[in-house]
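Each chain, written out:
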Amino acid sequence: MSGLRSRDYARLGATDHVYLDYTGAGLYAESQLTAHHDLLASRVLGNPHSHNPSSLASTALVEQARSAVLDFLNAFPDEYDVIFTSNATGALKLVGESYPFDEDSCYLVSYDNHNSVNGIREYARRAGATVAYAPVREPDLRLDEAFIDRAFHEHSDCPARLFAYPAQSNFSGVQHPLEWVSRAHDLGWDVLLDCAAFAPTNLLDLSEVKPDFVPLSFYKLFGYPTGLGVLVVRHEALRKLRRPWFAGGTITLASVQGDGWHQLAPGHTGFEDGTVDFLGLPAVTLGLKHLNRIGVDVIHNRVSALAKWLLTAFGALRHTNGAAMVKVFGPQDMDRRGATIAFYLLDPAGTVFDVYRVEKLAGKEHISVRTGCFCNPGDGEVAHHITHTEMADCFAKPSAEVTLTDCQRLIAESTGKAPNTIRASLGIASDFSDVYRFMGFVADFRDRSAQSVGR
Ligand SMILES: Cc1ncc(COP(=O)(O)O)c(C=O)c1O
């Protein structure tokens with residue numbers, strides 16, 4: 001990694017920026033941009049749905065990106081296919097809308113999923129399927145393993161059954177056992193392993209762990225390009241999916257007068273609607289090359305060491321009266337967790353500093369952290385002890401009348417709970433100066449009252 005930051009991420013230093021939102025988006029290297037620009041500037045690339053030279057050149061680049069994804073994940077081409085989408089959410093939507101949910105089927109989903117995984121439950125419910133949630137438990141916000149085992153068995157008579165969980169929570173950083181994939185398979189479950197928050201800093205080896213569906217967003221892995229993601233899918237699982245519509249590029253034949261359509265043979269082509277981003281996809285190959293050159297294991301070791309330092313320093317921070325200054329949600333050490341840390345700051349009386357105010361103050365020091373609930377309501381609800389009834393109050397009125405902010409205010413006013421969180425996450429270009437400066441920022445809250453800092 002030596003020289004990487006000054007060479008490829010010099011803009012961080014030039015703008016005096018401490019970037020701590022890698023779970024939101026990774027950062028691109030300048031060399032990725034140059035290589036992509038050079039490639040586009042030197043080639044004539046046309047729509048890949050044809051056979052002329054410009055089209056064939058685009059097709060070759062698209063297929064190169066497909067192979068690069070398989071190589072990156074150590075996936076065998078005879079076992080896995082690669083469907084390009086617009087982001088991880090697009091990949092998840094493909095699964096949701098095409099999985100053979102019906103009134104006999106089951107969707108088992110963990111509490112700590114991103115909303116784009118939670119949303120699949122609406123497809124399941126519409127088809128009459130059973131939807132069951134597996135809870136996370138305090139203090140570590142890990143999944144209740146016994147509950148999952150029971151649920152695997154309890155729903156074992158569902159002909160189609162899908163289990164969805166994140167390899168790493170984008171809220172707490174908790175990493176769940178990847179062995180659950182094979183355990184679920186042994187009991188006849190299909191497995192959706194959301195790796196969007198895991199893959200940027202952890203090796204995923206699909207020759208060893210073999211989930212059926214793996215959604216990813218490339219900008220989370222290497223910053224650029226945005227607007228491209230992937231569903232990496234086992235051929236066997238892909239054959240179970242039924243598309244609810246057809247589009248250009250996904251069919252062999254469609255007719256207006258004949259009122260029929262034939263889908264392309266099972267495989268990625270039948271799932272890539274319209275024209276793929278053939279100019280963006282070469283940047284995926286280049287981004288993966290960049291990651292490989294650094295080594296995901298090297299990134300992993302670096303961010304783990306930095307996160308360990310940050311967690312230890314957080315734990316030691318005290319006000320003069322001895323009260324803790326930081327409350328971390330989830331694991332307090334690096335045992336089975338990634339470099340994503342959810343927390344909030346407390347004043348000497350234990351009152352929570354308004355997270356949006358903290359974000360604003362951090363911004364003034366050119367520090368980017370994330371605040372809110374990170375599209376992960378399950379982890380947030382458990383972390384902040386928000387009950388079923390309290391949440392139900394937010395759904396008592398029509399949706400147009402209750403925004404997220406209204407809901408948070410409702411809960412804060414009726415319960416005094418602060419259902420918001422700060423998240424600091426580390427990634428490809430993080431170094432010690434980032435965590436050190438951030439600690440300095442946090443330490444400045446010593447002995448200040450939440451009221452004096454304001455909202
Ligand atoms: C764990 C996880 N899954 C899915 C997503 C959705 O990714 P995207 O917004 O790129 O579609 C995110 C985004 O933050 C995420 O963290």
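Only a predicted model underlies this, so the values are computations on that prediction, with no experimental measurement involved.

## Thoughts on the pattern of salt bridges
Part 1 of the reasoning: Applying the stated criterion to the full structure yields 24 salt bridges.
Part 2 of the reasoning: The salt bridge involving Arg137 is made with Asp144; its shortest N-O contact spans 2.9 Å.
Part 3 of the reasoning: A single network of salt bridges, built from pairs that share partners, joins Lys93, Glu97, Arg243 and Asp273.

## Thoughts on the state of the cysteines
Two cysteines form a disulfide when their sulfur atoms are joined by a covalent bond.
Part 1 of the reasoning: With the rule as written, the count across this model stands at two disulfides.
Part 2 of the reasoning: With a sulfur-sulfur separation of 1.9 Å, Cys106 is cross-linked through a disulfide to Cys158. A residue pair is termed long-range when its members are at least 10 positions apart, and Cys106 in strand 3 (residues 106-110) and Cys158 in the loop between helix 8 (145-154) and strand 7 (161-166) qualify at 52 residues. You'll find Cys106 and Cys158 in the same group, each marked buried.
Part 3 of the reasoning: Linked covalently through their sulfurs, Cys394 and Cys407 form a disulfide whose S-S length is 2.1 Å. With the S-S bond torsion at 85°, the cross-link from Cys394 to Cys407 turns out right-handed. With Cys394 in helix 16 (residues 388-394) and Cys407 in helix 17 (residues 404-415), this residue pair connects regions lying 13 residues apart in the sequence. Residue Cys394 shares its accessibility class with Cys407, and that shared class is buried.
Part 4 of the reasoning: In the protein, the cysteines engaged in disulfides, taken in order along the sequence, are linked 1-2, 3-4.

## Quick notes on the nonpolar core
Part 1 of the reasoning: In terms of nonpolar packing, the biggest core is built from 107 residues, with Val69, Phe163, Phe314, Phe343 and Phe438 touching the most fellow members.
Part 2 of the reasoning: With nine residues, the top contributor of residues to this core is helix 13 (residues 296-316).
Part 3 of the reasoning: Apart from the residues lying within four places of it in its own chain, the contact partners of Phe438 are Leu20, Leu310, Phe314, Phe343, Ile367, Val369 and Ala424.
Part 4 of the reasoning: Formed by 24 residues, the second largest nonpolar core is a distinct cluster that contains Leu92, Val117, Ala160 and Ala237.

## Thoughts on the packing of helix 4 (residues 53-72) against helix 12 (residues 281-294)
When two helices pack together, their arrangement is given by the angle between their axes and by how far apart the axes lie.
Part 1 of the reasoning: At a minimum axis separation of 8 Å, helix 4 and helix 12 run at an interaxial angle of 30°. As far as their axial angle goes, helix 12 and helix 4 are roughly parallel. Crossing handedness for the pair helix 4 and helix 12: left-handed. When helix 4 is examined against helix 12, the residues Leu61, Val62, Gln64, Ala65, Ala68, Val69 and Phe72 are found in contact with a partner set consisting of Leu281, Pro282, Val284, Thr285, Leu288, Leu291 and Asn292.

## Some details on the packing of helix 13 against helix 18 (residues 432-443)
Part 1 of the reasoning: Between helix 13 and helix 18, the shortest axis-to-axis distance is 10 Å and the interhelical angle comes to 15°. Considering the angle they form, helix 13 stands roughly parallel to helix 18. Crossing of helix 13 against helix 18: the hand is right-handed. Taking contact as the criterion, the partners of Leu306, Trp309, Leu310, Ala313 and Phe314 in helix 13 are, on helix 18, Phe432, Val435, Tyr436, Phe438, Met439 and Val442.
Part 2 of the reasoning: Considered class by class, the residues forming the contact of helix 13 with helix 18 number eleven nonpolar, no polar and no charged.

## Considerations on a negative patch on the surface
Part 1 of the reasoning: Negative charge collects at one region of the surface, where Asp102, Glu103, Asp104 and Asp157 lie side by side.
Part 2 of the reasoning: With respect to the element layout, Asp102 can be found in the loop between helix 5 (88-98) and strand 3.
Part 3 of the reasoning: On the basis of relative accessible area, Asp102 is assigned to the partly exposed category, the value being 31%.

## Digging into the site of the ligand
Part 1 of the reasoning: Around the ligand sit Asn87, Ala88, Thr89, His114, Asn170, Asp194, Ala196, Ala197, Ser217, Tyr219 and Lys220, and that is every residue in its neighbourhood.
Part 2 of the reasoning: Between the ligand and Lys220 there is a distance of 2.8 Å, counted from an oxygen atom to a side-chain nitrogen or oxygen.
Part 3 of the reasoning: Taking 390 Å² as the accessible area of the ligand by itself, protein coverage stands at 89%.
Part 4 of the reasoning: Elements that contribute at least two residues to the shell around the ligand include exactly helix 5 and helix 10 (218-222).
Part 5 of the reasoning: In the shell around the ligand, the residues fall into four nonpolar, five polar and two charged.

## Focus: the environment of Gln32
Part 1 of the reasoning: Relative to the elements of secondary structure, Gln32 occurs in helix 3 (residues 30-42).
Part 2 of the reasoning: For the pair formed by Gln32 and Leu288, sequence separation is 256 residues and the distance between their alpha carbons is 9.7 Å.
Part 3 of the reasoning: Leave out the neighbours within four places in its chain, and Gln32 touches Tyr9, Phe222, Tyr224, Leu286, Gly287 and His290.

## Considerations on empty space enclosed by the protein
Part 1 of the reasoning: The full count for this structure, using the stated rule, is two cavities of 30 Å³ or more.
Part 2 of the reasoning: Around the largest cavity, the lining is made up of 16 residues, and of these Tyr22, Pro200, Thr201, Leu426 and Gly427 lie nearest the centre.
Part 3 of the reasoning: Taken together, the residues that form the lining of the largest cavity break down as nine nonpolar, six polar and one charged.
Part 4 of the reasoning: By volume, the second largest cavity amounts to about 40 Å³.
Part 5 of the reasoning: Every residue along the wall of the second largest cavity is listed here: Phe72, Leu73, Ala199, Asn202, Leu203, Leu204 and Val296.
Part 6 of the reasoning: The residue makeup of the lining of the second largest cavity, split by class, is six nonpolar, one polar and no charged.

## So, the layout of surface pockets
Remark: the empty space left among the atoms is shown by a probe the size of a water molecule rolled over them.
Part 1 of the reasoning: The space that makes up the largest pocket amounts to roughly 1,000 Å³.
Part 2 of the reasoning: Lining the largest pocket are 32 residues, and of these Pro377, Gly378, Glu381, Met391 and Phe395 sit closest to its centre.
Part 3 of the reasoning: Those elements that place two or more of their residues in the lining of the largest pocket are helix 6 (115-118), helix 7 (120-126), helix 15 (377-383), helix 16 and helix 17.
Part 4 of the reasoning: Element by element, the count of residues in the lining of the largest pocket is highest for helix 15, at five residues.

## Some thoughts on helix 4
Part 1 of the reasoning: Taking 1.5 Å as the rise per residue, helix 4 with 20 residues should run 28 Å; its terminal C-alpha atoms sit 28 Å apart, in good agreement.
Part 2 of the reasoning: Check the buried side of helix 4 and you find it contacts helix 3, strand 2 (80-85), helix 10, strand 10 (229-234), helix 12 and helix 13.
Part 3 of the reasoning: A positive phi of about 55° marks Asn74, the residue just after helix 4.

Definitions and limits used
Residues numbered from 1 in each chain as written. Predicted model: local features only at pLDDT ≥ 70, side-chain atom pairs only at ≥ 80, totals over all residues. Heavy atoms only, no water. Salt bridge = Lys/Arg side-chain N within 4 Å of Asp/Glu carboxyl O. Disulfide = S-S within 2.5 Å. Helix = DSSP H or I, 4+ residues; strand = E, 2+ residues; numbered from the N terminus. Buried < 20%, exposed > 50% of the residue type's maximum accessible area, 1.4 Å probe, protein only. Core = buried A, V, L, I, M, F, W, Y, C linked by side-chain atoms within 4.5 Å. Contact = heavy atoms within 4.5 Å. Axes fitted to C-alpha atoms, helices over the stretch in contact; angles between N-to-C directions. Parallel < 35°, antiparallel > 145°, perpendicular 65-115°, else oblique. Left-handed = near helix turned anticlockwise from the far one by under 90°. Nonpolar A, V, L, I, M, F, W, Y, C, P; charged D, E, K, R; others polar. Patch = residues over 30% accessible without salt bridge, like charges linked within 9 Å, V, L, I, M, F, W, Y side chains within 5 Å. Areas by Shrake-Rupley, 256 points an atom, 1.4 Å probe, with all protein chains shown as cover. Lys, Arg positive; Asp, Glu negative; His and termini not counted. Charge placed at Lys NZ, Arg CZ, Asp CG, Glu CD. Near = heavy atom within 4 Å. Polar contact = N/O pair within 3.5 Å; in protein donor to acceptor, adjacent residues only side chain to side chain. 1 Å grid on protein atoms, 1.4 Å probe; cavity = no way out; pocket = protein on both sides within 12 Å on 5 of 7 lines; lining within 4 Å. Points joined across faces, edges and corners; volume = space filled by probe spheres on them. Expected span 1.5 Å × (residues − 1).

None of the figures reported here should be taken as evidence of function without further support.
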